[in-house]
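Residue strings, one per chain:
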Amino acid sequence: MPSYRVLLAVGSLHAGVRPDALLPRAAAAAAEHTTVEANDIVMVRGEPQLVVRFTGADDSFALGVGAAVESTVGGLADVRGARVTRRDGGAWTLVGPV
């Protein structure tokens, strides 16, 4: 089964949300649909991005998982961008925006 990842650029947290709540909630949202392989927070051009890597049957399924993760995180923080990529050999290929 191919590996995918959803990348979410996040901005301001909603009132009462702790920063350490975002990544576990994002991973849990993906885990409701598939196997989560890894999760992390990275900085891209000074902006935090949540990264959740998971397995998926195909691109359509992966986009659905990405949408579920974006919806969950969107309830906690401003999501400035979300995209899904697929592992192709040694590179990540854009599947599409969420």
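Just so it is clear, the model here is predicted, and its values are computed rather than measured. (Residues numbered from 1 in each chain as written. Predicted model: local features only at pLDDT ≥ 70, side-chain atom pairs only at ≥ 80, totals over all residues. Heavy atoms only, no water.)

Caption draft 1: The overall build of the protein, seen in detail. Counting its secondary structure elements, the protein contains two helices and five strands. Its helices and strands in sequence order give the protein the pattern β-α-β-β-α-β-β, from N to C terminus. Taken over C-alpha atoms, the radius of gyration comes to 12 Å for the protein, in line with the 13 Å a tight globule of 98 residues would show. Within the protein, buried positions represent 37% of all 98 residues. Within the structure as shown, the protein displays about 5100 Å² of accessible surface, and the carbon and sulfur contribution to it stands at 51%. Positive and negative side-chain charges in the protein, numbering 9 and 10 respectively, have mean positions lying 5 Å apart. (Helix = DSSP H or I, 4+ residues; strand = E, 2+ residues; numbered from the N terminus. Rg over C-alpha atoms; globule rule 2.2 N^0.38 Å. Buried < 20%, exposed > 50% of the residue type's maximum accessible area, 1.4 Å probe, protein only. Areas by Shrake-Rupley, 256 points an atom, 1.4 Å probe, with all protein chains shown as cover. Lys, Arg positive; Asp, Glu negative; His and termini not counted. Charge placed at Lys NZ, Arg CZ, Asp CG, Glu CD.)

Caption draft 2: Region of interest: the sheet that holds strand β3 (residues 47–55). The five strands are arranged β2-β3-β1-β4-β5 in an open sheet whose pairing can be described as antiparallel. Since the sheet does not close on itself, it has two edges, and those belong to β2 (36–44) and β5 (91–97), each with one partner. This sheet shows a mean twist of 25° between the axes of neighbouring strands, independent of strand direction. Examined bridge by bridge, strand β1 (residues 3–13) and strand β4 (residues 77–88) share eight bridges and lie antiparallel to one another. Bridging from a neighbouring strand, Val6 pairs with Val84 of β4. The strands touched by helix α2 (residues 59–74) are β1, β3, β4 and β5; relative to β4, the strand with the most contacts, the crossing angle is about 155°. (Pairing = 2+ DSSP bridges. Axes fitted to C-alpha atoms, helices over the stretch in contact; angles between N-to-C directions. Contact = heavy atoms within 4.5 Å.)

Function cannot be inferred from these measures alone, as they are strictly geometric.
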